[in-house]
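# Notes for the structure review
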Amino acid sequence: MTNTTEHDHHHELSFIRKWIFSTDHKVIGIQYGLTALFFLLFGFCLMLLMRWQLAYPGDPVPIIGWLFSDETMPGGVMLPEFYNQLGAMHGTIMVFLGVVPLAVGAFGNYIVPLQIGAPDMAFPKLNMASYWVYFIGGVVMLSSFLVPAGAAKAGWTSYPPLADIETMGQTMWLIGMFFLITSSLLGAVNFLTTIIQLRTEGMTYMRMPFFTWVQFVTAFLLLLAFPPLEAAAVLQLADRLIDTSFFLPSGLVVSGEILEVSGGGSPLLWQHLFWFLAHPEVYVLILPAMGIVCEIIANNTRKPLWGYKLMVQSLVFLGVMSFVVWAHHMFITGMGTGLSTFFQITTMIISVPSVVILSGMFLSLWGASIRFTTPMLFALAFLPMFGIGGLTGLPLGLAPTDIPLHDTMYIIGHFHYIVAPGTIMALMAGIYYWFPKVTGRYMNDILGKIHFWGTLIFMNGIFMPMFIQGLAGVSRRLYDGGQTYEFASEVIKYNEFMSQSAFLLAIFQLPFIVNFFWSIWKGKKVDDDNPWKATTLEWSATPTPPLAHGNFETTPVVYRGPYEYSVPGEESDYLPQNQP
Amino acid sequence: MEIPYTVHPRPDTGVTNAKVGIWLFLASEIMLFGGLFSAYIFLRMGAPEWPGTTMSGHYYASASDILSVPLAALNTVILIASSVTIVLAWASLMTNNFSKYRIYMGLTILMSFGFLIVKSIEYSTKFEHGLFPSESTFLAIYFVMTGLHAIHVIGGIVVNAYLLGPGAKMWKTNPTQYTNRIEVAGLYWHFVDIVWIFLFPTIYLI
Ligand code: HEM
Ligand SMILES: [Cu+2]
């Protein structure tokens, strides 16, 4: 298109407009990706400190212990208050600043417009704004460690009354959340409008790649689930700053004294508003991972995705249902049998589409001659890991089994199988898979495989024993890992093994970090625009790496579904969507 | 490459990007105020009495003892009228009458300020009588919900004033898109109006 080339000649963008305040979805995707990876690493480091304390309670942290202040780790020995800060901020950072920005902000931003044949997102300036608002939210969260008495300590769930009477770090947490919520809302509006309005000619809904479908449903969840948390955050901020009592009951006793407030509030109100967001949020954490895995499976099995249509239907159903299961996080609150029955039933119903999607992925492997590339290894590992996470969720969805398991290490095991060995593995798969698209170079395969095996083994080393500990009754959020409880004495010894697994897991991330940066400049160059021989538009219709301005040389037209691999009677084993 | 459907609607969806965007944004706003209304119901159901405020020996039996229904009714009228003028502003652009548009848009903004002035009179009389959000759950939810609504009014003023002021240059270069923008601003303004129409009876009357 002469138009585009003219455009290129006329304004060469300054460095700042091109890399910092860019409105190009590809650059914003990279910005999101790098920032989110930084936060994942940061949240991971907080966890390593916690794991040291759990394995060796009261022992000074070696090597780096002296770096910390007397309010956090005097002489390298962790104070309980600091442990609580680490826990709350680990959860918050991993969920809101790490996984979601990487899964949606980075992968979604970069890939979705390419996959649907759009020139950019529908609102490029809004896209830039949502990145920068996210960035400010991250800075606020990080700086909360520096305020008097440190960062938030009331858990990533911020349950009142505790959160209402916490130190200043909690206020910072709420302010940070406002920025993160705003960023997600701007992003969600943008993704939805882009997918509804900018699909290229022939790209009907049922021809959209599964990854784009997943981003579509995820954006709806973000759009509709976040505002109630925003409302809740407004109320909690009012409680903290203008002394209202939305979440403070009458006659609350704090440190032996009755709190001087008007009272009449309800801590359960927060829990309802929080989980109305946070259950859909857990699907925000897992759906993009499923989308990535599906793309990689179809590409590396050289077969159509099994039951694409059924999977899309399940996905939509799952999205809708995720709004009516939230109180399964609250069985212990004594909500009454009627309500509890309702939420148990909806929870059992929602597990059906999850199982359908997982089965679809497994069945896609059937009879395939699989290419065991690094991205495929990560994608394959996702399946059993997510399977374990999902199956261990079922007993939690039934009140009689949930009540003894609630708030134990079992819960931590359950959701980490989903978000860590599950989602994180899938995100890694995505990085190895789309890296050549972004940079025009492959990541190193040997380092990738070392990273993969180390990660898989040690993730399980950390999380598997949590089920045993939880079943034995060990509570979560214990600063000493349960040393003081006699019933825990049998299982507490696993803590050392788990922590050592965590440290080894950290070591096995080094090959990834080296590989990532080395490959940007020195990796093996791709030989053509479609190195994985994929069918979807991001590979088949754009140059690799993509154009600096605009996405496509000519607007692509779509003639077929997303996964036409090994079509009988065809010479090539894949038919790109834009091939007539 | 230009982003398509910024000015003219996409044939199969029948709308422009901005229209889709604003409807989605309003959906999230509904969830925001929906969350607050749910909180209101939840708290009220749990309260032994409502509004249940005893201040300096005086017991307030109903919401209208504390809050001024006439002022709120006045504000309701003002907001509804401003919703009408913003539609008229848009309609004037559709008939290419820019000077009439300026009058109607100006009136809309004026009335929005009127709403805020009445609201601040209400707030300050509350404060003078020592009725602060910390006094009772009723007052707390009153201040938070109307306060959040007032922030939305201020947001509307900023947008509308921009469109009437510096943003109006677009009328010369791209009248269709400018008209679309007024329509989108109007949709937002109607939403702000509707929220108030729910707030008024919920908080002042029942
Ligand atoms: C079939 C699937 C699933 C079922 C039946 C299920 C069920 C549950 C239940 C009932 C709880 C609450 C337990 C308690 O606190 O006592 C829970 C906790 C949790 N689940 Fe799941 N879940 C499923 C899938 C997922 C997925 C896909 C994710 C996220 C990616 C996830 C993330 C979490 C998290 C983060 C918590 C802990 C929340 C906290 O801090 O209390 N779950 N799950
Ligand atoms: Cu849930």
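Remember, it's a predicted structure, so these values are computed and weren't measured experimentally. (Residues numbered from 1 in each chain as written. Chains lettered and ligands numbered in written order. Predicted model: local features only at pLDDT ≥ 70, side-chain atom pairs only at ≥ 80, totals over all residues. Heavy atoms only, no water.)

## Details of the overall build of chain B
- What chain B contains, in helices and strands, is 7 helices and 2 strands.
- Secondary structure of chain B in N-to-C order comes out as α-β-β-α-α-α-α-α-α.
- Once the C-alpha set of chain B is aligned to its principal axes, its extents read approximately 65 × 35 × 25 Å.
- Taken over 206 residues, chain B has a buried fraction of 50%. (Helix = DSSP H or I, 4+ residues; strand = E, 2+ residues; numbered from the N terminus. Buried < 20%, exposed > 50% of the residue type's maximum accessible area, 1.4 Å probe, protein only.)

## What to know about the packing of helix α3 (residues 69-94) of chain B against helix α7 (residues 175-205) of chain B
Residue and element names in this part refer to chain B.
- The geometry of α3 relative to α7 is characterised by a closest axis approach of 9 Å and an angle of 165 degrees between their N-to-C directions. Relative to α7, α3 is oriented roughly antiparallel. The interaxial crossing formed by α3 with α7 has left-handed handedness.
- A breakdown of the residues in the contact of α3 with α7 according to their chemical character gives 20 nonpolar, 7 polar and 2 charged. (Axes fitted to C-alpha atoms, helices over the stretch in contact; angles between N-to-C directions. Parallel < 35°, antiparallel > 145°, perpendicular 65-115°, else oblique. Left-handed = near helix turned anticlockwise from the far one by under 90°. Nonpolar A, V, L, I, M, F, W, Y, C, P; charged D, E, K, R; others polar.)

## Quick notes on the coordination of the copper ion (ligand 2)
Residues and elements named next belong to chain A.
- The protein atoms donating to the copper ion (ligand 2) are His279 (ND1), His328 (NE2) and His329 (NE2), with metal-donor distances spanning 1.8 to 2.0 Å.
- Read N to C, the donor residues that coordinate the copper ion (ligand 2) are spaced as H-x48-H-H.
- The distance between the copper ion (ligand 2) and the iron atom of ligand 1 comes to 4.9 Å.
- Given a relative accessible area of 21%, His329 falls into the partly exposed group. (Donors = N, O, S within 2.8 Å, 3.2 Å for Na, K, Ca; no water.)

## Describing a nonpolar patch on the surface
Residue and element names in this part refer to chain A.
- Taken together, the side chains of Leu41, Leu504, Ile507, Leu510, Ile513, Phe517 and Trp521 define a hydrophobic patch exposed on the protein surface, amounting to about 680 Å² of accessible area.
- For the nonpolar patch, the secondary-structure elements that each account for two or more residues are α15 (494-507) and α16 (510-522).
- With respect to the helices, strands and loops of the structure, Ile507 is situated in helix α15. (Patch = residues over 30% accessible without salt bridge, like charges linked within 9 Å, V, L, I, M, F, W, Y side chains within 5 Å. Areas by Shrake-Rupley, 256 points an atom, 1.4 Å probe, with all protein chains shown as cover. Salt bridge = Lys/Arg side-chain N within 4 Å of Asp/Glu carboxyl O.)

## Observations regarding the coordination of the iron atom of ligand 1
- No other protein atom reaches the iron atom of ligand 1 as a donor apart from His414 of chain A (NE2), found 2.2 Å away.
- Following the sequence through the fold, His414 of chain A ends up in helix α13 (residues 409-439).

## Things to note about the packing of aromatic side chains
Residues and elements named next belong to chain A.
- Applying the stated rule across the entire model yields 70 aromatic pairs over all chains.
- The interplanar angle of 90 degrees and the centroid separation of 5.1 Å between the aromatic rings of Phe274 and Trp275 together place this pair among those described as edge-to-face. With respect to class, Phe274 is no different from Trp275; both count as buried.
- Chaining the aromatic ring pairs together yields one cluster made of Phe21, Tyr32, Phe38, Phe39, Phe42, Tyr131, Trp132, Tyr134, Phe135 and Phe145.
- The side chain of Arg199 reaches across the aromatic face of Tyr205, ending 4.0 Å from its centre.
- The side chain of Lys493 reaches across the aromatic face of Tyr494, ending 5.6 Å from its centre. (Phe/Tyr/Trp six-rings, centres within 6.5 Å; stacked < 30°, edge-to-face > 60°. Lys NZ or Arg CZ within 6 Å of the ring centre and 35° of its normal.)

## Details of the side chain of Ser183 of chain A
Residue and element names in this part refer to chain A.
- By the secondary structure assignment, Ser183 is in helix α6 (residues 169-197).
- For Ser183, a relative accessible area of 5% translates into the label buried.
- A distance of 3.0 Å separates a polar side-chain atom of Ser183 from the backbone oxygen of Ser130.
- Beyond its immediate chain neighbours, meaning those up to four positions away, Ser183 contacts Tyr32, Ser130, Val133 and Tyr134. (Polar contact = N/O pair within 3.5 Å; in protein donor to acceptor, adjacent residues only side chain to side chain. Contact = heavy atoms within 4.5 Å.)

## Brief notes about the site of ligand 1
Residue and element names in this part refer to chain A.
- In the vicinity of ligand 1, 20 residues are found, and the nearest of them are Leu396, Asp402, His406, His414 and Ile418.
- A distance of 2.9 Å separates a nitrogen atom of ligand 1 from a polar atom in the side chain of His414.
- In the model, an oxygen atom of ligand 1 is placed 3.1 Å from a nitrogen or oxygen of the Arg476 side chain.
- Elements with a contribution of two residues or more to the shell around ligand 1: α8 (267-301), α10 (337-365) and α13.
- With 5 residues, α13 is the largest single contributor of residues to the shell around ligand 1. (Near = heavy atom within 4 Å.)

## A few points about the nonpolar core
- Membership of the largest hydrophobic core comes to 257 residues, with the highest contact counts inside it found for Leu287, Met361 and Phe382 of chain A together with Tyr178 of chain B.
- If one sorts the elements of this core by residue count, α8 of chain A sits on top with 21 residues.
- Apart from the residues lying within four places of it in its own chain, the contact partners of Tyr178 of chain B are Leu93, Phe98, Tyr101, Leu163, Leu164, Gly167, Ala168, Met170 and Trp171 of chain B. (Core = buried A, V, L, I, M, F, W, Y, C linked by side-chain atoms within 4.5 Å.)

## As for the environment of Gly413 of chain A
Residues and elements named next belong to chain A.
- Tracing the sequence through the fold places Gly413 in helix α13.
- Under the relative-accessibility criterion, Gly413 is labelled buried at 0%.
- Spatially, the C-alpha atom of Gly413 lies 18 Å from that of Phe503, the residues being 90 residues apart in sequence.
- What Gly413 contacts, discounting residues up to four positions off in sequence, is Phe463, Met466 and Phe467.

## A word on the pattern of salt bridges
- Tallying each qualifying case throughout the model produces 10 salt bridges over all chains.
- Note that Arg302 of chain A and Asp573 of chain A form a salt bridge whose closest N and O atoms lie 3.0 Å from each other. Taken together, the residues Arg302 of chain A in the loop between α8 and α9 (308-321) and Asp573 of chain A in the segment after α17 (537-540) connect sequence positions 271 residues apart.
- A relative accessible area of 33% places Asp573 of chain A in the partly exposed class.
- The salt bridge partner of Asp12 of chain B is Arg10 of chain B, with a shortest N-O separation of 2.5 Å.
- Arg10 of chain B gets classed as buried once you look at its relative accessible area, which sits at 6%.

## Points about the confidence of the model for chain B
- Looking at chain B as a whole, its pLDDT mean stands at 94, while 99% of the residues score no less than 70.
- Scored as a complex, the prediction yields pTM 0.94 and ipTM 0.96. (pLDDT = per-residue confidence, 0-100.)

## Some words on unusual backbone geometry
All names here are of chain A.
- Of note, the bond from Pro160 into Pro161 is cis; its omega dihedral lies within 30 degrees of zero at 0 degrees.
- Secondary-structure assignment places Pro161 in the loop between α5 (124-143) and α6.
- Cis peptide bonds are those with omega within 30 degrees of zero, and the linkage from Thr544 to Pro545 qualifies with -10 degrees.
- Mapped onto the elements, Pro545 comes out in the segment after α17.
- For Asp243, which is not a glycine, the phi torsion comes out positive at approximately 60 degrees.
- Along the chain, Asp243 falls in the loop between α7 (210-241) and β1 (253-254).
- Residue classification places Asp243 among the partly exposed residues on the basis of a relative accessible area of 47%.

## Observations regarding the side chain of Ser266 of chain A
- Within the secondary structure, Ser266 of chain A sits in the loop between β2 (257-258) and α8.
- Taking the relative accessible area as the measure of exposure, Ser266 of chain A reaches 15% and is therefore buried.
- Residues within four places of Ser266 of chain A in sequence aside, it is in contact with Phe246, Phe247 and Leu248 of chain A together with Phe42 and Leu43 of chain B.

## Remarks on the environment of His416 of chain A
Residue and element names in this part refer to chain A.
- Relative to the helices and strands, His416 is located in helix α13.
- His416 sits 352 residues away from Ile64 along the chain, and the two C-alpha atoms are 27 Å apart.
- When residues no more than four places from it in sequence are discounted, the contact partners of His416 are His90, Pro421 and Phe463.

## Considering the interface of chain A and chain B
- At the interface, 42 residues of chain A touch 32 residues of chain B.
- Summed over both partners, the interface of chain A with chain B comes to about 3,000 Å²; 76% of that surface belongs to carbon and sulfur atoms.
- Broken down residue by residue, the surface that chain A buries against chain B is led by Pro119, Gln197 and Phe246 of chain A, which jointly contribute 20%.
- Counting across the chain A and chain B interface gives 0 salt bridges.
- Secondary-structure elements contributing two or more residues to the side of chain A that touches chain B are α6, α7 and α8 of chain A.
- It is α7 of chain A that provides the largest number of residues to the side of chain A that touches chain B, a total of 10 residues. (Buried area = accessible area lost by both parts, 1.4 Å probe.)

## A few points about the environment of Asn174 of chain B
- Mapped onto the secondary structure, Asn174 of chain B falls in the loop between α6 (170-173) and α7.
- Of note is the side chain of Asn174 of chain B, whose polar atom sits 3.1 Å from the side chain of Gln177 of chain B.

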